[in-house]
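Residue strings, one per chain:
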Amino acid sequence: MKIVFASTPSQEKEINGLVRYIYSNIFPLYFSDEEICQFEQLKVLHTSEDFNTLKDAFLVMTSIQTLISILEATQPDGQYSILFDKNVETLQEFGLLFPFKYEHFQEERCIKNHMLSIYSNADNELLI
């Protein structure tokens with residue numbers, strides 16, 4: 001008999017927070033609002049069902065966190081490519097679509113859109 005522990009609601013909440021972070025802090029640096037909207041329609045990183053075990057949820061969380069760390073690194077490094085691909089593969093094993101290669105994030109293509117993106121977080125909540 002094998003005992004497994006189910007994923008917790010707080011883990012699933014954390015995963016959803018990480019996905020929101022990618023949409024609001026990472027994607028606007030590299031893609032236009034129209035492209036990000038298409039990602040939502042394609043359900044990129046959409047978590048439609050609960051993760052079966054604690055281990056599954058933990059693997060998904062760490063893969064997303066690793067991708068964020070790689071993409072936020074100040075100096076792009078070709079060595080990150082293998083690590084990036086491994087974590088994308090892990091996400092795909094759990095049914096999360098992330099159809100990108102490391103090369104998609106090599107240069108900030110739409111930095112102007114980042115300033116006006118509907119997906120990025122507001123710098124100030126109150127305008128006086």
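The written sequence of each chain sets the order in which its residues are numbered from 1. Local features in this predicted model are restricted to residues whose pLDDT is 70 or higher, and side-chain atom pairs enter the listing and the counts only when it is 80 or higher, whereas totals over whole chains, interfaces and linings include all residues. Here the side-chain values reflect all heavy atoms present in the structure, with hydrogen atoms and water set aside.

Trainee: Sorry if this is basic, but what is going on with the overall build of the protein chain here?
Mentor: Put simply, DSSP H or I for four residues or longer makes a helix, DSSP E for two residues or longer makes a strand, and each gets a number counted from the N terminus. Of the regular secondary structure elements, the protein chain holds five helices and zero strands. Each helix (α) and strand (β) of the protein chain, taken in turn from the N terminus, gives the series α-α-α-α-α. Contact between two residues is taken to exist if any of their heavy atoms lie within 4.5 Å; hydrogens are not considered. Residue pairs at least 24 apart in sequence account for 75% of intrachain contacts in the protein chain once pairs closer than 6 positions are excluded. Note that accessible areas follow from Shrake-Rupley with a 1.4 Å probe, and for residues the cover is restricted to the protein chains shown. Here the protein chain has roughly 8800 Å² of accessible surface; of this, 54% comes from carbon and sulfur atoms.

Trainee: Any chance you could explain the packing of aromatic side chains here in plain terms?
Mentor: Two measures describe an aromatic ring pair: the distance that separates the ring centres and the angle between the ring planes. Centres within 6.5 Å make a pair out of two Phe, Tyr or Trp rings, where for Trp the six-membered ring is used; the pair is then stacked when the planes are under 30 degrees apart, edge-to-face when over 60, and tilted otherwise. If you walk through the whole model with that rule in mind, you get 16 aromatic pairs. Ring geometry for F84 against F98: centres 6.1 Å apart, planes inclined by 55°, an arrangement best described as tilted. Of this pair, F84 sits in helix 4 (residues 80-93) while F98 sits in the loop between helix 4 and helix 5 (111-116), and the two are 14 residues apart along the sequence. Here F84 matches F98 in class, with each residue buried. Here the term buried applies to any residue with accessible area under 20% of the maximum for its type, exposed to any over 50%, and partly exposed to those in between, with areas from a 1.4 Å probe on protein chains only.

Trainee: Would you mind showing me how to read helix 3 (residues 54-71) here?
Mentor: Multiplying 1.5 Å by the helix residue count minus one yields the expected span of that helix. When the terminal C-alpha atoms of helix 3 are compared, their 26 Å separation across 18 residues agrees well with the 26 Å that a helix rising 1.5 Å per residue should span. Looking at the packing, one finds that the buried side of helix 3 touches helix 1 (9-30) and helix 4.

Trainee: Hey, could you run me through unusual backbone geometry in this one?
Mentor: Note: most residues except glycine have negative phi, and most peptide bonds are trans. Non-glycine residue K43 carries a positive phi angle of around 65°. Assignment of secondary structure puts K43 in the loop between helix 2 (33-41) and helix 3. Accessibility expressed as a relative area gives 48% for K43, which makes it partly exposed. Of note in this structure, L45 is not a glycine but carries a positive phi near 60°. The topology assignment puts L45 in the loop between helix 2 and helix 3. On the basis of relative accessible area, L45 is assigned to the buried category, the value being 2%.

Trainee: Would you take a moment to explain the environment of I64 for this structure?
Mentor: Along the chain, I64 turns up in helix 3. In this view, I64 contacts I15, L18, V19, I22 and L91; residues no more than four positions away in its chain are not counted.

Trainee: Sorry, what's going on with the side chain of S81 here?
Mentor: Inspection of the secondary structure puts S81 in helix 4. The contact partners of S81, leaving out residues within four places of it in the chain, are Y102 and E103.

Trainee: Please explain helix 1 as it appears in this structure.
Mentor: The α-helix winds at 3.6 residues per turn, so residues separated by three or four positions along the chain end up facing the same way. The first and last C-alpha atoms of helix 1 sit 31 Å apart over 22 residues, in line with the 32 Å expected at 1.5 Å per residue. Think of it this way: the bend at a residue is just the angle between two axes, each fitted to seven residues, one set ending at that residue and the other starting at it. The largest bend in helix 1 comes to about 30°, at I22.

Trainee: What is the right way to look at the nonpolar core in this model?
Mentor: Across soluble globular proteins, nonpolar side chains have a tendency to be buried as a group. Nonpolar cores are built from buried Ala, Val, Leu, Ile, Met, Phe, Trp, Tyr and Cys residues. Side-chain atoms within 4.5 Å join them into one set. Counting residues in hydrophobic clusters, the biggest one holds 30 residues, and the most contacted among them are F27, I64, F84, F98 and F105. Contributions of two or more residues to this core are made by helix 1, helix 2, helix 3 and helix 4. At nine residues, helix 1 tops the list of elements feeding residues into this core. Not counting residues within four places of it along the chain, the set of residues in contact with F98 comprises F27, V44, L45, L67, F84, V88, Q92 and F105.

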